[in-house]
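# A structural walkthrough
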Amino acid sequence: MSNPVSPPDPQEGHEVSFGAGPVGRLLFWIAVVFSVFQIVTAAHLVDLSSQITRAVHVGFLMVLAFPLIAYGRRMSVSLKALAWGFALAGVAVALYQWWQYQPLILRAGRPLTQDIVMGVVALVVVFAAAWTMMGFALPLIAGLFLAYCLFGEYLPSPLNHRGYDFSQVIDHMAYGTEGIYGIPTYVSSTYIFLFILFGSFLERAGMIRLFTDVALGLFGQRQGGAAKVAVVSSGLMGTISGSGVANVVTTGQFTIPLMKKFGYRPAFAGGVEATASMGGQIMPPVMGAVAFIMAETLDVAYVEVVKAALIPALLYFASAFWMVHLEAGRHGLRGLSKDELPSARKAIKENWMLLVPLGVLVYLLFGGYTPLFAGTIGLGLTVLLILGGSAVLNLPAGAMRTVFWMCLGLVAAGFLQFGIDVLIAALAALIGWCALSRGGRETLILCRDSLAEGAKTALPVGVACALVGVIIGTMTLTGAANTFGQFIVAVGQSSLLLSLILTMFTCILLGMGIPTIPNYIITSSIAGPALLELGVPLIVSHMFVFYFGILADLTPPVALACFAAAPIAKESGLKISIEAIKVAAAGFVIPFMAVYTPALMLQAGGPLAETIGYWPAVAYIVFKTVVCIGMWGAAVIGWLGRPLGWPLRILGIVAAATLIAAVPITDEIGFALAAVFVGVVVLSGRKALA
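Residues numbered from 1 in each chain as written. Predicted model: local features only at pLDDT ≥ 70, side-chain atom pairs only at ≥ 80, totals over all residues. Heavy atoms only, no water.

## Overview of the packing of aromatic side chains
On inspection of all chains with the given rule, the structure shows 27 aromatic pairs. Between the aromatic rings of Tyr186 and Tyr191, the centroid separation amounts to 6.1 Å while the plane-to-plane angle is 75°, which identifies the pairing as edge-to-face. Take Tyr191: its relative accessible area is 7%, and that puts it in the buried class. Look at Tyr620 and Phe671: their rings are 6.3 Å apart centre to centre, the planes differ by 70°, and that puts the pair in the edge-to-face class. Taken as a pair, Tyr620 in helix H31 (residues 614-637) and Phe671 in helix H33 (residues 664-689) lie far apart in primary sequence, 51 residues in all. What makes Tyr620 partly exposed here is its relative accessible area of 26%. A network of ring pairs unites the aromatic residues Tyr186, Tyr191, Phe195, Phe198, Phe292 and Tyr302 as a single cluster. (Phe/Tyr/Trp six-rings, centres within 6.5 Å; stacked < 30°, edge-to-face > 60°. Buried < 20%, exposed > 50% of the residue type's maximum accessible area, 1.4 Å probe, protein only. Helix = DSSP H or I, 4+ residues; strand = E, 2+ residues; numbered from the N terminus.)

And the structure:
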C-alpha cells in the first residue's frame, strides 16, 4: 500500500508572513504561542474560567494586530512605537482581567477608579485595532452605539432611554460577558479559532489540491468547465473553511487564471470565484463564524444551524453553477480537453485519508457532540495524518506501511472510547518520531508555521468579534433594538414582503461598510425578534439575515472578497463586484422563499407543511426554488440555448417573482408563466433550426 497522505510541500517561512528580522521572529512565535494556548484550553489540557480565556484571547489579538500592521505597512519609527504601546496596553488589560478576576466578580456593578481606567483602555485599544485592520466603518458604527449609551437620554421619544452613568457604561462594556467579552468573543476564542486552524492544517495537507482535482475531473470538460471548476472547488473548500476571503486567495490562485485562459473576462472570472468563495460561509459542516455565533445566540445545537443551512447552501452553489453555465453558453466558451484533466476517482483513491478528519467532524457534529469537541478532534486527526504521512516514509513500502496506517487508525478511533488523551499520546509519539527522522523535522516546521498562519488568519475575525460586543452591549443595556424592531413589525402587519425587503436592504447597506459578523449581529438583534412576531421562525429569520450579510460582502464599495480577487484577476475590484452580484443574482430569491415556506430550511411550520405534510413540503419547495432560480438566471444572463430578447427576459423575471411567495394562486400563475417561457424558447429554437 502506498502512502495515502503525502507530506505537505515546503512553503515560504515566517519571514514572508510576519516580516524579517527580530520583530518578525518575535511576532511569529507570539502567533505560535497564541494557537497553542487556544488548543490546550479547547482540549481542556489547561482549564481556565471562560472570562479569563476570553480576556487572554483578546490580549493576544491586540499584541499581534498592532505590530503586524505597523511593520507590514512600513510606518515611521514613532508610529511603530505607538503600535507597540497599544499592543502592550492590550496585554495589560488581559493581565488585569486575569489578576483581578475574583475581585471584579465580587464588586460587579460597583467598579473602582482603577477598573474604570482599565475599562477605558480596553475600549480604546479594541476600537483602535478595528480601525487599523478594517477601516473606519465598523468603529464608527460601534462608536455611535456607545455614544447612544452615554447620551441617548437626550434624544426625543421614542429614541431616548432612561440614562446611564459613565462608570455603569464602562463596567457593562469592558467587564463581564455583555460587552467586548460577550458571545462573539466567546465564540471567537473557542469554535472559530479552532476551525480556522483545522482548515489551515487541511490546506497544508493537500486538501486544496484534492478538491481542485476532483472538480476538474468531474466538470472540467463540460461547457464553461473552467468556471464550473471554480464553483465546485470553492464549494468543497467551503466545507472546511468558513472564510470567503481565504477561499478566494487559495482556490482563486488556480481557478481565476484558468478561467481567463479559456476565454472568460477577468472581471467575470473574479466575480465567479468571489461569489462561490463567499458561499463557504453557509456551506456545512464548517460554516462561517456567524453560524457559531448564531447557535450561541439562539441557544440551539450547532447541528440545528447546519440543518437549516444545508439546502439553501446547495441551492446557492447550484444557482452560481447555473449562472456560469448560461454565461458560458452565451459567449460560446467550451470545456477543457479531457486528456489534460486529472481523474477524480484517482485523486480520491490516492488521497482518501484527507477526507477522514472531515468525515469524523461531520459524524461528531451530527452525533450531538459540541462544535468545540468536534473541532478539537478534527484538528487532532488532521495533524495526526500530516505527521503520520511524514513518519511512514521512513518505513519500507508495502506491508509495513499498511500496518502502520492500520495501527494509527485504531489509535485515532480510540478517542471515542478512552477520550482525547489517546489522541494526544499518539500525537506526542509522532512528534518525537518526526523530530528524530529524515524529513520529519521539515514536517514539524510546516506544522509550526500552520499554527502561526492560523493565528494570523484569525486576527480580523477576532478583533471584529470583540468590537461588535459594544453593539450587543448597547442592545442589552438600553433595549435599542426595540425601536427599529417595532417599525419592522408595523410594516409587516400590512405586508411581510415589505418587511423582508426592508431587512434585506438594511443588511446590504450595512454590508457595504462592515464585515458579515457585525452585520449579522446588528441586523439579527433588530429584525430577528420583529420577524418572529410576524410569524417567521426564529432560526429562519436569523438565516435570512445571515444569507444577505454574505451577499452584502459582494456589494461595493467594500466587497472584500472581490477586492481579494482583484490582484489575481488583474482587474478592478469594483468591476469584479458588479459581476459577482450578477452571478449571485439567482441566489437572492432563496432566503425569501425560505421565509414563506420554512421547509426549505428543514424547519417545521408554514401553511404548506400543514396542508400536504412536512416531507412533501420539503420536496415541493425545493422543486419550486429550482424552477425559480432557473427562470431568474436565464432572465438575468439573457441566454437559454439562444439569446433572449427583453420581452422573454421580463416574462422570466415575472415568473420567478410570482414563485417566491407561498400563496397557492401565485404558485399556479408562476408555474404557468414558467411553462409559457420554456415553451416560447423551445418553439423559437425549433424555428431557428428550421
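## A few points about the packing of helix H11 (residues 225-237) against helix H13 (residues 266-278)
The N-to-C vectors of H11 and H13 enclose an angle of 20°; their axes lie 8 Å apart at closest approach. The orientation of H11 relative to H13 falls into the category roughly parallel. At the point where H11 passes H13, the crossing takes the right-handed sense. Contact with H11, carried on its side by Ala227, Ala230, Val231 and Ser234, involves Val272, Glu273, Ala276 and Ser277 of H13 and no other residues of that element. (Axes fitted to C-alpha atoms, helices over the stretch in contact; angles between N-to-C directions. Parallel < 35°, antiparallel > 145°, perpendicular 65-115°, else oblique. Left-handed = near helix turned anticlockwise from the far one by under 90°. Contact = heavy atoms within 4.5 Å.)

## A word on helix H9 (residues 183-205)
If you check H9, its first and last C-alpha atoms are 32 Å apart, about what 23 residues at 1.5 Å a residue would give, namely 33 Å. At Ser189, H9 shows its strongest bend, of approximately 40°. Taking burial as the measure, the 23 residues of H9 include 20 buried ones, the bulk of the element. Directly after H9, the chain includes Gly206, whose backbone phi takes a positive value near 110°. (Expected span 1.5 Å × (residues − 1). Bend = angle between axes of the 7 residues up to and from the residue.)

## Side note on the state of the cysteines
Applying the stated criterion across every chain yields a total of zero disulfides. Free cysteine: Cys447, not disulfide-bonded; nearest cysteine sulfur from Cys434 at 7.6 Å. For Cys465, which is in no disulfide, the shortest distance to another cysteine sulfur is to Cys507 and amounts to 17 Å. Using a relative accessible area of 0% as the deciding quantity, one classes Cys465 as buried. (Disulfide = S-S within 2.5 Å.)

All quantities given are derived from atomic positions and should not be read as evidence of function.
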